[in-house]
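# Tertiary structure, described
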Amino acid sequence: MAILDILVYPDPRLAQISSPVEKFNDELLSFIFDLEETMRAGPPSVGIAAPQVGHFERIILVDVSSKPKIPNHGRLTLINPNILCKQGSMVGREGCLSVPEYTGNVSRAEKITLQALNKEGKSLNYNMEGFEARAVQHEIDHLDGLLFLDRLVSRRSSLFIRKVYK
Amino acid sequence: MSNWYMLTVVGRDRPGIVSQVTLAIYKGGGNLGEASMVRLGGNFSIMLMVHYEGTAELLEKLISPVGDKLHLHIHIVSIKGALHQRLEPDVRISIYGADRAGIVAETTGVLVEAGLNILNLESDVGGSPTNPIYIMEIDGAARNGVDSIRLALDSVAKGKNIKISVTPINTLMG
């Protein structure tokens, strides 16, 4: 049991791409416990990703259940998460434990279909929308070395979102 | 870092205003803080926090050669300010409609009564010269809750050809 140090930008490790989890054992469970404890101990947040504490495996925790009137799946441990399908887009304001004192507008898919492993290594599928879908996309970005700063949209353009071509 | 100035620059838009103004400040030992810079009606305007150890007169001397060259109006005031003083908005109000006089005064008058503190306001006039459309977006902090904002604006929109949307800003911290 430990509260882990959170990496803060411009720490270059935040840009590192994390590797898939391969071993489902007590060590993994112990790390997930510490990660959750770290998330709960810090400023109020709805998610955390393993690389934010310098652990470069594809593990995220998401829990938006504290927000009123938002559809959610409760407290989630998502391992090797993979977005199978994205629908729609919406702009919302985001902040990050790794980027203190700044929030900005980010465009995310409105609905996602997600496949991920749980703590026991069992594969599960989720249909998510709105705030929860946004939280998952924010945390998965950390696994790919991206911050919400990489996806900021201008305040001026938010009323008329331009189509983004990848 | 307490010696902050607010620098206002306005002039006919042309390439190079930002780079030349900020280079003059940098070379003179000033540091930049938060800023808002935008082209409005063919003019370029800058509102810029500058941290500078010298007086306002010395800061103006640093910038005035660039101002003279680019025909800019420059205004400097000493401010009691600091970085990291951001207030988080919790509501976004979007208003659009046929352009007509008084739309801003009327809506913002109602909003202040309903407890809104405006943190950012941006507006544009689109459409065509004969049929202009006024578009305004406000981010603010609703002291009395978002519902009171919604209620107040309902009365403004009634009977007028304007559309108003009020969206809570639910900042995601992850």
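The rules behind the values
Residues numbered from 1 in each chain as written. Chains lettered and ligands numbered in written order. Predicted model: local features only at pLDDT ≥ 70, side-chain atom pairs only at ≥ 80, totals over all residues. Heavy atoms only, no water. Helix = DSSP H or I, 4+ residues; strand = E, 2+ residues; numbered from the N terminus. Rg over C-alpha atoms; globule rule 2.2 N^0.38 Å. Buried < 20%, exposed > 50% of the residue type's maximum accessible area, 1.4 Å probe, protein only. Areas by Shrake-Rupley, 256 points an atom, 1.4 Å probe, with all protein chains shown as cover. Lys, Arg positive; Asp, Glu negative; His and termini not counted. Charge placed at Lys NZ, Arg CZ, Asp CG, Glu CD. Contact = heavy atoms within 4.5 Å. Salt bridge = Lys/Arg side-chain N within 4 Å of Asp/Glu carboxyl O. Phe/Tyr/Trp six-rings, centres within 6.5 Å; stacked < 30°, edge-to-face > 60°. Domains from an automatic or database assignment. Pairing = 2+ DSSP bridges. Axes fitted to C-alpha atoms, helices over the stretch in contact; angles between N-to-C directions. Parallel < 35°, antiparallel > 145°, perpendicular 65-115°, else oblique. Left-handed = near helix turned anticlockwise from the far one by under 90°. Nonpolar A, V, L, I, M, F, W, Y, C, P; charged D, E, K, R; others polar. Buried area = accessible area lost by both parts, 1.4 Å probe. Polar contact = N/O pair within 3.5 Å; in protein donor to acceptor, adjacent residues only side chain to side chain.

Turning our eyes to something else, we now look at the overall build of chain A. Within chain A, the secondary structure is distributed over two helices and seven strands. Secondary structure elements in chain A, listed N-terminal to C-terminal, are α-β-β-β-β-β-β-β-α. Here the C-alpha radius of gyration of chain A, 15 Å, is about what a compact globule of 166 residues would show, namely 15 Å. A burial count over chain A gives 48% of its 166 residues as buried. Of the roughly 8,700 Å² that chain A leaves accessible, carbon and sulfur atoms contribute 51%. Counting 20 positive and 20 negative side-chain charges, chain A places the centres of these two groups 11 Å from one another.

A few words now on the overall build of chain B. Looking only at helices and strands, chain B features four helices and nine strands. Computed over the C-alpha atoms, the radius of gyration of chain B is 20 Å, more than 25% above the 16 Å expected from 2.2 N^0.38 for a compact globule of 174 residues. The burial tally for chain B puts 38% of its 174 residues in the buried class. Sequence-distant contacts in chain B: of pairs separated by 6 or more residues, those separated by 24 or more amount to 69%. Carbon and sulfur atoms form 55% of the exposed surface of chain B, whose accessible area is close to 9,800 Å². Charged side chains of chain B number 15 positive and 17 negative; the gap between the two group centres comes to 4 Å.

Right, let's talk about the pattern of salt bridges for a bit. The tally for this structure, following the rule as stated, stands at 15 salt bridges over all chains. Here Glu88 of chain B makes a salt bridge to Arg93 of chain A, at a shortest N to O gap of 3.4 Å. With one member in each of two chains, Glu88 of chain B in the loop between strand S4 (72–79) and strand S5 (91–98) and Arg93 of chain A in strand S4 (residues 90–96) form a pair that bridges those chains. The partner of Arg108 of chain A in a salt bridge is Glu94 of chain A, and the shortest N-O contact between them spans 2.9 Å. Placement of Arg108 of chain A in strand S5 (residues 99–108) and of Glu94 of chain A in strand S4 is noted, with a sequence separation of 14 residues between them. Judged by its relative accessible area of 4%, Arg108 of chain A is buried. With a relative accessible area of 0%, Glu94 of chain A lands in the buried category. Overlapping salt bridges bring together Glu94, Arg108, Arg134, Asp141 and Arg151 of chain A as one network.

Moving on: the packing of aromatic side chains. All names here are of chain A. Inspection of the entire model under this criterion finds one aromatic pair over all chains. Relative to Phe148, the ring of Tyr102 lies with its centre 6.3 Å away and its plane at 15°, an arrangement referred to as stacked. Pair noted here: Tyr102 is in strand S5 and Phe148 is in the segment after helix H2 (130–143), with a separation of 46 residues, a long-range link. Owing to a relative accessible area of 2%, Phe148 belongs among the buried residues under this scheme.

Bringing the domain arrangement of chain B into the picture now. Domain annotation of chain B identifies domain 1 (4–79) and domain 2 (91–168). Centre-to-centre, using C-alpha coordinates, domain 1 of chain B lies 31 Å away from domain 2 of chain B.

Next up on the list: the pairing of strand S2 (residues 59–62) of chain A. All names here are of chain A. Side chains Ile59 and Leu61 project from S2 onto one buried face, and the interleaved Ile60 and Val62 project onto a second face that is buried too. Strand direction decides the pairing type here: strand S1 (residues 47–49) and S2, joined by three bridges, are antiparallel. Residue pairing across strands places Gly47 opposite Val62, the latter belonging to S2.

A few words now on the sheet that holds strand S3 (residues 43–51) of chain B. Residues and elements named next belong to chain B. As summarised here, the arrangement of the four strands in space is S2-S3-S1-S4, forming an open sheet in which the pairing is antiparallel. Because the sheet does not close on itself, it has two edges, and the strands there are strand S2 (31–40) and S4. Adjacent strand axes in the sheet meet at a mean angle of 15°, parallel and antiparallel pairs treated alike. With eight bridges joining them, S2 and S3 adopt antiparallel strand pairing. Pairing of Val38 across the sheet is with Ser45, part of S3. Where helix H1 (residues 17–27) meets the sheet, its contacts fall on strand S1 (4–12), S2, S3 and S4, and the angle it forms with S3 comes to roughly 20°. Against the sheet, helix H2 (residues 56–70) touches S1, S3 and S4, its axis set at about 165° to S4.

Moving on, we come to the side chain of Ser45 of chain A. The residue Ser45 of chain A is located in the loop between helix H1 (26–41) and S1 in this model. Setting aside chain neighbours within four positions, we find Ser45 of chain A in contact with Met39 and Leu97 of chain A together with Met173 of chain B.

All names here are of chain B. Two elements in contact, H1 and H2, have axes separated by 8 Å at closest approach and are oriented at 160°. With respect to H2, the element H1 is oriented roughly antiparallel. Like other packed secondary-structure pairs, H1 and H2 cross with a definite hand, here right-handed. Judged by residue contacts, Ile17, Gln20, Val21, Ala24 and Ile25 of H1 engage Leu62, Ile63, Val66, Lys69 and Leu70 from H2. Partitioning the contact of H1 with H2 into residue classes produces eight nonpolar, one polar and one charged.

The figure often quoted for interface size is the accessible area lost as the parts come together. With 20 residues of chain B at the interface, the matching set in chain A holds 26 residues. Buried area between chain B and chain A, both sides added, is near 2,000 Å², and the carbon and sulfur share of it is 51%. Remark: the boundary between chain B and chain A carries one salt bridge. Across the contact surface, chain B and chain A share nine residue pairs in polar contact (both at pLDDT 80 or more). For the side of chain B that touches chain A, the secondary-structure elements that each account for two or more residues are S5, strand S6 (116–127), strand S7 (132–142) and strand S9 (172–173) of chain B. By residue number, the principal contributor to the side of chain B that touches chain A is S6 of chain B, which donates four residues.

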